[in-house]
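# Chain and residue survey
Chain by chain, the residues:
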Amino acid sequence: MERFTIDTYDFESDEKFQAFLKKKIGDEFILRDKFLRKLNAAKKEWIKILNSPILRHAYKIDFGVE
């Protein structure tokens, strides 16, 4: 199984991550510092989800299958 890392993963082109981040941030306006903290926390959580088959199944993230 491939292990994902924050340094090598392409978060910008991953639509599922973008939706995950949008859900974490919401529709409110937030300052840049708060946004960066939430972004980094979401990235860490997303990598944790991708590296765990159980969490990937719970979030219905399957590679190559929609």
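In this text, all values refer to a predicted model and were calculated from it rather than measured experimentally. (Residues numbered from 1 in each chain as written. Predicted model: local features only at pLDDT ≥ 70, side-chain atom pairs only at ≥ 80, totals over all residues. Heavy atoms only, no water.)

### So, the packing of helix 1 (residues 15–25) against helix 2 (residues 32–51)
- Direction vectors running N to C along helix 1 and helix 2 enclose 130 degrees, while the axes themselves pass 10 Å from each other. Relative to helix 2, helix 1 is oriented oblique. For the crossing formed where helix 1 meets helix 2, the hand is right-handed. The residues of helix 2 that touch helix 1, namely those facing Lys16, Phe17, Phe20, Leu21, Lys24 and Ile25, are Phe35, Lys38, Leu39, Ala42, Lys43, Glu45, Trp46 and Ile49.
- Here the contact of helix 1 with helix 2 is built from residues that sort into nine nonpolar, no polar and five charged. (Axes fitted to C-alpha atoms, helices over the stretch in contact; angles between N-to-C directions. Helix = DSSP H or I, 4+ residues; strand = E, 2+ residues; numbered from the N terminus. Parallel < 35°, antiparallel > 145°, perpendicular 65-115°, else oblique. Left-handed = near helix turned anticlockwise from the far one by under 90°. Contact = heavy atoms within 4.5 Å. Nonpolar A, V, L, I, M, F, W, Y, C, P; charged D, E, K, R; others polar.)

### Points about the side chain of Asp14
- One can find Asp14 in the segment before helix 1.
- Buried Asp14, no salt bridge; nearest opposite-charge side chain is Lys16, N-O distance 6.9 Å.
- Reaching out from Asp14, the side chain makes a polar contact with the side chain of Trp46 at a distance of 3.3 Å.
- For Asp14, the contacting residues outside a window of four places in its chain are Tyr9 and Trp46. (Buried < 20%, exposed > 50% of the residue type's maximum accessible area, 1.4 Å probe, protein only. Lys, Arg positive; Asp, Glu negative; His and termini not counted. Salt bridge = Lys/Arg side-chain N within 4 Å of Asp/Glu carboxyl O. Polar contact = N/O pair within 3.5 Å; in protein donor to acceptor, adjacent residues only side chain to side chain.)

### Considerations on helix 1
- Within helix 1, the full set of buried residues consists of Phe17, Phe20, Leu21 and Ile25. All buried residues of helix 1 fall inside an arc of 130 degrees around its axis, so they share one side. Counted as exposed and oriented over 90 degrees from the buried face of helix 1: Glu15 and Lys23.
- For helix 1, the secondary structure elements touched by its buried residues are helix 2.
- Just beyond helix 1, the residue with positive phi is Gly26, at close to 85 degrees. (Arc of directions from axis to C-beta.)

### Looking at the environment of Ile47
- When you line up the elements, Ile47 lands in helix 2.
- Measuring from C-alpha to C-alpha, the distance between Ile47 and Phe11 comes to 9.9 Å, with 36 residues separating the pair along the chain.
- Not counting chain neighbours up to four residues away, the residues in contact with Ile47 comprise Phe4, Thr5, Ile6, Tyr9 and Phe11.

### Details of the packing of aromatic side chains
- According to the stated counting rule, one finds six aromatic pairs in the structure shown.
- For the ring pair Phe20 and Trp46, a centre distance of 5.1 Å and an interplane angle of 45 degrees mean the geometry is tilted. Remark: Trp46 occurs in helix 2 and Phe20 occurs in helix 1; sequence separation between them is 26 residues.
- An aromatic cluster is built from Phe4, Tyr9, Phe11, Phe17, Phe20 and Trp46, whose rings are joined through pairwise contacts. (Phe/Tyr/Trp six-rings, centres within 6.5 Å; stacked < 30°, edge-to-face > 60°.)

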